[in-house]
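# Close look at the chain arrangement
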Amino acid sequence: MTVESYFVRGILIGLIFGVPAGVIGVMTIQRTLEKGFAAGLFTGLGSMAADCVYGFVGVCGLTAVSDFLLGLQRPIRLFGGALILIFGLMTLKKAKEARPDMEDRRKADGRAEGLPMLFASAFAVAILNPATILAFLTAFASFGILEGVNAAEGCRLLCGIAMGTGVWWLLLAGTVSVFRGRVTGRIYGTMHGILGILLLLFGMGAAAGAVIG
C-alpha cells in the first residue's frame, strides 16, 4: 500500500463519516440560514476538527485513550445531550422571532465576528461522542489500516479525512446559502422550528442513552 493510497483512503473515510446528517448537519443548516455561508462552513469545520482528533487516535492506535473515552460515555453523553438541548431551545426561540431584514443579513455575511465561537461549539458537540472512535476504528478495519501506519502514512490519512469531511460541509453550507436569499419570513420561522425540534430530539436521545445505557 503506497503513501498516496492512504490519502485516498482518508478522503473516502472523510466522505463516509462527513455526510451532512445528524446534529452538526442541522446546526450547519440553521446557522447558514441565519448568519450566512461563513457561519455554516465554520460550524462544519468544527466537526471536521473533531473527526481529525478521533482519526488521530485511531491512526496512533491509542487504545488507552479510546478505552478511557468509552469508559466516560455516560457523563459525556449527558453533557453533550444538555448542550444540544440548549442549542435546540435557542433555535426554537429564533423561530418565533421576526426574520431579520435581508439587508442586515447581507451586511452580516462574511464577518469574522463570532466565527471562532461557532467553530468551538460545533467541535464540542462533535467531540462529545466517544462512540465516534468506534466508527473510525471500524472504518480503518474496513480499509485495511489497523495493521499500523508510519508517520508519513498517518499524515496522509489524516489530510485525506480532513479533505473528505471538509468537502461535505463546504457543499452543504454552499447549497443552503444559495437558497437563503429566497427564504420568506414564514418559511424561515418554520424551518427554524423544525431544526429546533430535531436538535431537541437529538439531545433527548443522547441523554436518554446515557441514563438507560
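Refer to the preceding data block for the structure.
Source: prediction; values computed, not measured.

Conventions used here
Residues numbered from 1 in each chain as written. Predicted model: local features only at pLDDT ≥ 70, side-chain atom pairs only at ≥ 80, totals over all residues. Heavy atoms only, no water. Core = buried A, V, L, I, M, F, W, Y, C linked by side-chain atoms within 4.5 Å. Buried < 20%, exposed > 50% of the residue type's maximum accessible area, 1.4 Å probe, protein only. Helix = DSSP H or I, 4+ residues; strand = E, 2+ residues; numbered from the N terminus. Contact = heavy atoms within 4.5 Å. Expected span 1.5 Å × (residues − 1). Phe/Tyr/Trp six-rings, centres within 6.5 Å; stacked < 30°, edge-to-face > 60°. Lys NZ or Arg CZ within 6 Å of the ring centre and 35° of its normal.

All right, on to the nonpolar core then. Judged by nonpolar contacts, the single largest core of 24 residues is most densely connected at Val23, Ile24, Met27, Phe87, Val125 and Leu199. Taken together, the elements giving at least two residues each to this core come down to α2 (22–35), α3 (37–60), α5 (73–96), α7 (115–127), α9 (151–180) and α10 (185–212). Here the element with the most residues in this core is α2; it accounts for five residues. When near neighbours in sequence (up to four residues on either side) are disregarded, Val23 contacts Ile84, Val125, Leu199 and Phe202. Listed in part, the 11 residues of the second largest apolar core include Tyr54, Ile145, Leu157 and Ile161.

Below, the discussion takes up α3. With 24 residues, α3 should cover 34 Å at 1.5 Å per step; its first-to-last C-alpha distance of 34 Å lies within 8% of that length. For α3, the tally of buried residues reaches 18 of 24 residues, placing the bulk of the element in the interior.

Here we come to the packing of aromatic side chains. Following the criterion strictly, the structure yields zero aromatic pairs and no others. Positioned above the aromatic ring of Phe87 is the side chain of Arg31, whose terminal nitrogen or guanidinium carbon lies 5.5 Å from the ring centre.

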